[in-house]
Amino acid sequence: MYDWLIVGAGFAGSVLAERLASQRNERVLLIDRRNHVGGNAYDRYDESGLLIHQYGPHIFHTNAKAIFDHLSLFTEWRPYEHRVLAAVDGKLVPIPINLDTVNTLYDLDLTSEQLEGWFAERAEKVDEIKTSEDVVVSAVGRELYEKFFRGYTRKQWGLDPSELDKSVTARVPTRTNRDDRYFGDEFQFMPKHGYTRMFERMLAHPNIDVMTQTEYDDVRDVIPHRRLIFTGPIDEYFDFRFGKLPYRSLRFEHVTLDQPRFQEVAVVNYPQTNEYTRITEYKYLTGQEHPKTALTFEIPSAEGDPYYPIPKPENQELFKKYEKLALATPNVWFVGRLATYRYYNMDQIVGQALATFRRINESIPISGDGPAVAHASPPAALAS
Ligand code: FAD
Ligand code: UDP
């Protein structure tokens, strides 16, 4: 009898599996319908030996030291600050929009202070910022909004920014200085040997069994377990009884080129042209040296695996109905981006999983015969 069946071997499921196994000495079966662990953060070597991210670029960044410290139990890190350029009006300029973006695009020589005034002259007054359009037009005005955000967002989401919650474009700040980093967080790193290796170390505990290519529906009534943690789509768990929750999907086109470099930075965004939103060149993220280079083109689509919950009011209302059901379902915990229908980054999912673990500890006595064995120290592989 397993103490826990965990559905989904992404960050949510794997972080919880490790905590339950190591801190409560409970037996865990972790399953995933895919043929690998790591969820969307899974990375692998392509035929040329280049490390790529199967589901698009994943850059770790957080302000939470506790989350960084937790993952540091399972990986060493490579310092990496992410930089992105946008192809706009035939030029490559920094995004988030900053001083160099405006000066380059308009052939100006403004100072930071002058740029503040330049934005103020163009910014539209919005009484209450509600949508993703409001966020941008109230900061930089309509022209830059149209150049950088309207087309990209329509392509990425199949929706106009005016239909999306403000939280979507609010992920991308506006700057008046020359800081061209995509993220402002205190901790910005890549796992030194990749995400998959980090997951393998996390899951290498003897109390954890992992089964990939395994559907929840195929094991739910067959493999005995006391409790369930579900990290898949919440509407699927409840057989879509209130209707389908919309998730946005992507198609990833992975390409390997017989040349050492393709573009100037890790990611170039295409807000005005092409059917893809962005091109990623992995060597910048991984630091790998290789005579070839690997790229991924991301082409948004309505069909396919669920990658992004779509933040808009009616979707949130539908989610709330499922959440109510979830709260009334005993012995099942819903965790992660798909089960809580939140557009969360990896660090936020790790935080959510650790908070869930604390709640489990507070509310459920430890199963099994003996006392829990604590394994708070790093795995042997990292201790050297
Ligand atoms: P997932 O990783 O989706 O894992 C859920 C797992 O459950 C999946 O592997 C799925 O196969 C499995 N599953 C679902 N249902 C079932 C079932 N019925 N039976 C068996 N298995 C099931 N975050 C960042 O912090 N930085 C980034 O740069 C970044 N870039 C991203 C780029 C893209 C293109 C995408 C899509 C996301 C990005 N993210 C990024 C977000 C990041 O991927 C998520 O925050 C994180 O992976 C979520 O982890 P999770 O465990 O909740 O879900
Ligand atoms: N966005 C945009 N233009 C850009 C970059 C981002 O319009 O050049 C908008 C778009 O709606 C996108 C959102 O801002 O979905 C969040 O961007 P982020 O890079 O955080 O997206 P993710 O990496 O999560 O796909």
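Residues numbered from 1 in each chain as written. Chains lettered and ligands numbered in written order. Predicted model: local features only at pLDDT ≥ 70, side-chain atom pairs only at ≥ 80, totals over all residues. Heavy atoms only, no water.

Asks: I'd like to hear about the site of ligand 2, residue by residue, with values.
Replies: As a matter of local geometry, ligand 2 sits amid 16 residues, with T153, R171, Y182, Y308 and Y343 nearest to it. Between ligand 2 and Y182 there is a distance of 2.5 Å, counted from an oxygen atom to a side-chain nitrogen or oxygen. For ligand 2, an oxygen atom lies 3.0 Å from a polar atom in the side chain of R278. Notes on ligand 2: free accessible area 520 Å², of which the protein chains cover 94%. For the shell around ligand 2, a count of residues per class yields 10 nonpolar, 4 polar and 2 charged. (Near = heavy atom within 4 Å. Polar contact = N/O pair within 3.5 Å; in protein donor to acceptor, adjacent residues only side chain to side chain. Areas by Shrake-Rupley, 256 points an atom, 1.4 Å probe, with all protein chains shown as cover. Nonpolar A, V, L, I, M, F, W, Y, C, P; charged D, E, K, R; others polar.)

Asks: Explain the packing of aromatic side chains to me, and be specific about the residues and the numbers.
Replies: All told, the structure shown has 28 aromatic pairs when counted by the stated rule. For the pair Y247 and Y341, a centre-to-centre distance of 5.2 Å together with 80° between the ring planes defines the contact as edge-to-face. Taken together, the residues Y247 in strand β12 (residues 247-257) and Y341 in the loop between β17 (332-334) and α12 (346-363) connect sequence positions 94 residues apart. With respect to class, Y247 is no different from Y341; both count as buried. Here R171 stacks its cationic end above the ring of Y343, 4.0 Å away from the centre of that ring. Sitting over the ring of Y308, R337 keeps its end group 4.9 Å from the ring centre. (Phe/Tyr/Trp six-rings, centres within 6.5 Å; stacked < 30°, edge-to-face > 60°. Helix = DSSP H or I, 4+ residues; strand = E, 2+ residues; numbered from the N terminus. Buried < 20%, exposed > 50% of the residue type's maximum accessible area, 1.4 Å probe, protein only. Lys NZ or Arg CZ within 6 Å of the ring centre and 35° of its normal.)

Asks: Quick one: what's the story with the packing of helix α5 (residues 132-140) against helix α6 (residues 142-157), residue by residue and with numbers?
Replies: Where α5 meets α6, the closest approach of the two axes is 7 Å, and the angle between their N-to-C directions is 130°. By the angle between their axes, α5 is oblique relative to α6. α5 and α6 meet at a crossing whose hand is right-handed. Contacts between α5 and α6 involve E133, V136, V137 and V140 on the former and, on the latter, R142, L144, Y145 and F149. (Axes fitted to C-alpha atoms, helices over the stretch in contact; angles between N-to-C directions. Parallel < 35°, antiparallel > 145°, perpendicular 65-115°, else oblique. Left-handed = near helix turned anticlockwise from the far one by under 90°. Contact = heavy atoms within 4.5 Å.)

Asks: Can you lay out the pairing of strand β8 (residues 91-95) for me, pointing to particular residues and giving the numbers?
Replies: Both strand β7 (residues 84-88) and β8 contribute to a ladder of 5 bridges, which runs antiparallel. Residue pairing across strands places A87 opposite L92, the latter belonging to β8. Between β7 and β8, which pair antiparallel in sequence order, lie 2 residues; one of them, D89, sits at a positive phi of approximately 50°. (Pairing = 2+ DSSP bridges.)

Asks: I'd like a rundown of the environment of A355, residues and numbers included.
Replies: Its location among the elements puts A355 in helix α12. Between the alpha carbons of A355 and L16 there is a distance of 9.8 Å; along the sequence they are 339 residues apart.

Asks: Please set out α5 residue by residue, giving values where relevant.
Replies: α5 sits mainly inside the fold: 7 of its 9 residues count as buried. Looking at the buried residues of α5, the elements they touch are α4 (112-122) and α6. Near the N-terminus of α5, the side chain that reaches the backbone nitrogen of E133, with its oxygen 3.2 Å away, is that of T131. In the segment just after α5, G141 is the residue with positive phi, at about 90°.

Function cannot be read off these values alone, since they describe shape.
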